[in-house]
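# What the coordinates show
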Amino acid sequence: MAVSRFSSRSRSRIFLLFIAAISIVLILFLFSSPPSSPELSTAVSSRRPETSFVTSLHNFLSRPIPPDRGENGGGDAPSALDDAVFLRETDRMYRPQNPNYPLDLPIRVYVYDMPHKFTYELLRLFATTYRDTNNLTSNGSPVHRLIEQHSIDYWLWADLISPPSERPLKNIVIRVENQEDADLFYIPFFTTISFFLLEKQDCKSLYREALKWITEQPAWQRSEGRDHIIPVHHPWSFKSVRRYVKKAIWLLPDMDSTGNWYKPGQVYLEKDLILPYVANVDLCDATCLSETESKRKTLLYFRGRLKRNAGGKIRSKLGSELSGVEDVIIQEGTAGERGKEAAQNGMRKSIFCLNPAGDTPSSARLFDAIVSGCIPVIVSDELELPFEGILDYRKFLKGSQSSSQRLLLLLVYLCIQCFARMQIALFVSSGDALQPGWLLKFLRSVSRAEIKQMQANLAKYARHFVYSSPAQPLGPEDLTWRMMAGKVVNIKLHTRRSQRVVKESRSICTCDCRRPAANATVQVR
């Protein structure tokens, strides 16, 4: 009996000790574990990403706005700033906990606090005139819709100046308060809004004022603008003064090779960055794709302006070739409110969306198609694509077997476009697309299984082209700064070289890639 009572007490004590030990371990774990980014988790869970420019802008302007600092940009003299930069970069390079310098993230960006006439006042001007549907361009397009398409300047700036607790991208890019800490400098001037909403002479005057303000900044003078980012996403924006800032990093919709929009030597991929247009239509995610699958009865869809200039002349030719076909819809239309609704409905009822070149090689229609789950058929031989240093646009050449060697050579231009090795679009050369019957014959030959796979890929990769507030990981804002990080070392190289080399002592090397004129003499440098 004694042994039995002893065993019972022993087991009770052991059980109590076990419970106590478990409790202590749990308490130590809870109080010693570092917090899992409470700011980030709270921000992501409490704020649903807003993808509407108009709604996001309304929310943005509803917040307290900092006081206008007027004309003074601040900062040390160029020589003093250069000394401060040297000391800070030396410290970063030799710091033991920073072994990846200068390839480390987050990238550090100094955002200029420009006078409000370049920033907040232009945003307010858009907000107060947005409902004015009579404000049209010369070809009848609503200017506010065009501003929305090119509103990359708003999305990037709104993210950079948001409180750190609301920024999911703070591990990729951070705003710094001191210029000597910066890798890059962001100029938040709304060049597209000012172009479309101001009178012509007022716009040119504002451009000259902005140019004077920018070029008087010590950081600009130190690097001649090489480490400064200027959003000029519409081909007409900042056009009257662009030649004075051609060494800066331009945020562009594409690289126009015709010379109509950019002068030779102004834009090139090594310096500038291609950013996607802001989509005019709502995102059709995987659920939407499943719901609209049975409604996609149209083989090929296009809505837009058929008469364009330069490389866009192919639109009218394709319109003539494809009009009247039973399961093909070719419509003339603009990007107004009714146009947006018509385009969204049309794309969600179609399998393929035609994306020919416009006045420039690219158009917003490509990104409308991607977010609508409508497989883009791209007919633009000179198109440059966004984030190609990150997204793998690997090409798989495909063509029908033929006894004709000439036809085989033509078909080899056809390739399937891939994002991260996943097919989401079809690339077709202009020559092939204009052959009578060729394009429709090819599209009808694509199997149902291939179509479903490409639609699934569209749903998966559309996130790379949807701007939002707050900006989301792997969204276009995120990929913009990842691409910028790859430019920083080369920018420092050319900045330091320009400071060291005696002026006019030898040619300054550039990465200016352009075709020489037919009668020009090519000089080897």
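See above for the structure.
Okay, so let's go over this structure. (Residues numbered from 1 in each chain as written. Predicted model: local features only at pLDDT ≥ 70, side-chain atom pairs only at ≥ 80, totals over all residues. Heavy atoms only, no water.)

## Considering the packing of aromatic side chains
Throughout the structure, instances matching the rule amount to 26 aromatic pairs. Ring pairing ties together the aromatic residues Phe 53, Phe 60, Tyr 120, Phe 126, Tyr 130, Tyr 154, Trp 155, Trp 157, Phe 190 and Tyr 467, which thus form one cluster. Sitting over the ring of Tyr 268, Lys 271 keeps its end group 5.7 Å from the ring centre. (Phe/Tyr/Trp six-rings, centres within 6.5 Å; stacked < 30°, edge-to-face > 60°. Lys NZ or Arg CZ within 6 Å of the ring centre and 35° of its normal.)

## Focus: the sheet that holds strand β5 (residues 249-252)
Spatially, the 6 strands line up as an open sheet ordered β2-β1-β3-β4-β5-β6, and their pairing is parallel. Each end of this open sheet is capped by a strand with a single partner; those strands are β2 (173-175) and β6 (273-274). Where β5 meets β6, 2 bridges bridge the pair, whose relative direction is parallel. Paired with Leu 252 across the strands is Ile 274, a residue of β6. (Pairing = 2+ DSSP bridges. Helix = DSSP H or I, 4+ residues; strand = E, 2+ residues; numbered from the N terminus.)

## Considerations on the environment of Val 489
The topology assignment puts Val 489 in helix α20 (residues 488-500). A sequence separation of 386 residues divides Val 489 from Leu 103, and the C-alpha atoms of the two residues are 7.8 Å apart. If near-sequence neighbours (up to four positions away) are discounted, Val 489 is found in contact with Pro 102 and Leu 103. (Contact = heavy atoms within 4.5 Å.)

## What about the state of the cysteines?
Per the counting criterion, the structure on display carries 2 disulfides. At a sulfur-sulfur separation of 2.0 Å, the disulfide partner of Cys 284 is Cys 288. Taking the torsion about the S-S bond as the criterion, the Cys 284 to Cys 288 disulfide, at about -95°, is left-handed. For the pair Cys 284 and Cys 288, one class covers both residues: buried. Between Cys 353 and Cys 374 runs a disulfide, and the two sulfur atoms are separated by 2.1 Å. (Disulfide = S-S within 2.5 Å. Buried < 20%, exposed > 50% of the residue type's maximum accessible area, 1.4 Å probe, protein only.)

## What about the pattern of salt bridges?
Going through the model one piece at a time under the given rule, you end up with 21 salt bridges. Of the charged contacts in the structure, one is a salt bridge between Asp 183 and Arg 92, with a shortest N-O distance of 3.2 Å. In this pair, Asp 183 is assigned in the loop between β2 and β3 (184-186) and Arg 92 in helix α4 (residues 78-94), connecting sequence segments 91 residues apart. Between Arg 226 and Glu 224 there is a salt bridge, and its shortest N-O distance comes to 2.8 Å. According to the relative accessible area criterion, Arg 226 is buried, its value standing at 12%. Here the salt bridges do not stand alone but share partners, grouping Arg 92, Asp 104, Arg 108 and Asp 183 into one network. (Salt bridge = Lys/Arg side-chain N within 4 Å of Asp/Glu carboxyl O.)

## Considering the packing of helix α7 (residues 152-160) against helix α19 (residues 476-485)
To characterise two packed helices, one gives the angle between the axes of the helices and the distance between these axes. α19 packs onto α7 with a crossing angle of 80° between their chain directions and a minimal axis gap of 10 Å. When the axes of α7 and α19 are compared, the pair comes out roughly perpendicular. In this structure, α7 uses Trp 155, Leu 156 and Leu 160 to contact α19, whose residues at the interface are Glu 477, Thr 480 and Trp 481. Residues belonging to the contact of α7 with α19 are distributed by class as follows: 4 nonpolar, 1 polar and 1 charged. (Axes fitted to C-alpha atoms, helices over the stretch in contact; angles between N-to-C directions. Parallel < 35°, antiparallel > 145°, perpendicular 65-115°, else oblique. Nonpolar A, V, L, I, M, F, W, Y, C, P; charged D, E, K, R; others polar.)

## Some thoughts on the packing of helix α3 (residues 53-62) against helix α5 (residues 120-129)
Packing of α3 against α5 leaves a shortest axis separation of 11 Å and a crossing angle of 130°. With respect to α5, the axis of α3 lies oblique. As α3 packs across α5, the resulting crossing turns out to be left-handed. Across the interface between the two elements, Phe 53, Val 54, Leu 57, Phe 60 and Leu 61 from α3 touch Tyr 120, Leu 123, Arg 124, Phe 126 and Ala 127 from α5. Looking at the contact of α3 with α5, its residues break down into 9 nonpolar, no polar and 1 charged. (Left-handed = near helix turned anticlockwise from the far one by under 90°.)

## Things to note about the pairing of strand β7 (residues 298-304)
The element β7 is largely enclosed, with a buried count of 7 among its 7 residues. One ladder, built from 3 bridges, connects β7 with strand β9 (residues 350-356); its direction is parallel. Paired with Leu 300 across the two strands is Phe 352, which belongs to β9.

## Considerations on the pairing of strand β10 (residues 375-379)
Here β10 lies mainly inside the structure; 5 of its 5 residues are buried. Side chains Ile 375, Val 377 and Val 379 of β10 all project onto a buried face; the interleaved residues Pro 376 and Ile 378 project onto the opposite face, where all are buried too. By the bridge criterion, 5 bridges tie β9 to β10 in an arrangement that is parallel. The residue of β10 that forms the bridge with Phe 352 is Ile 375. Handedness of the β-α-β unit built from β9, helix α14 (residues 364-372) and β10 comes out right-handed. (Right-handed = clockwise from strand over helix to strand, strands pointing away.)

## A look at helix α12 (residues 314-322)
Listed as buried for α12 are Ile 314, Arg 315, Leu 318, Gly 319 and Leu 322. Across the axial projection of α12, the buried residues extend over an arc of 140°, all falling on one side. Immediately beyond the C-terminal end of α12, within one or two residues, lies Gly 324, with a positive phi of roughly 90°. (Arc of directions from axis to C-beta.)

## A few points about the nonpolar core
Core analysis: the biggest nonpolar cluster contains 123 residues, and Tyr 186, Phe 189, Leu 300, Phe 352 and Trp 481 have the highest contact counts within it. Counting 5 residues, the second-largest nonpolar core is a separate cluster that includes Tyr 301, Met 347, Cys 353 and Ala 369. (Core = buried A, V, L, I, M, F, W, Y, C linked by side-chain atoms within 4.5 Å.)

## Brief notes about α4
If you check α4, its first and last C-alpha atoms are 24 Å apart, about what 17 residues at 1.5 Å a residue would give, namely 24 Å. Residues Leu 81, Val 85, Glu 89 and Arg 92 constitute the buried set of α4. For α4, the angular spread of the buried residues around the axis is 60°, confining them to a single face. Exposed and facing more than 90 degrees away from the buried side of α4 are Ser 79, Phe 86, Leu 87 and Tyr 94. On the buried face of α4, the contacting elements are β1 (107-111), α10 (218-223) and α20. (Expected span 1.5 Å × (residues − 1).)

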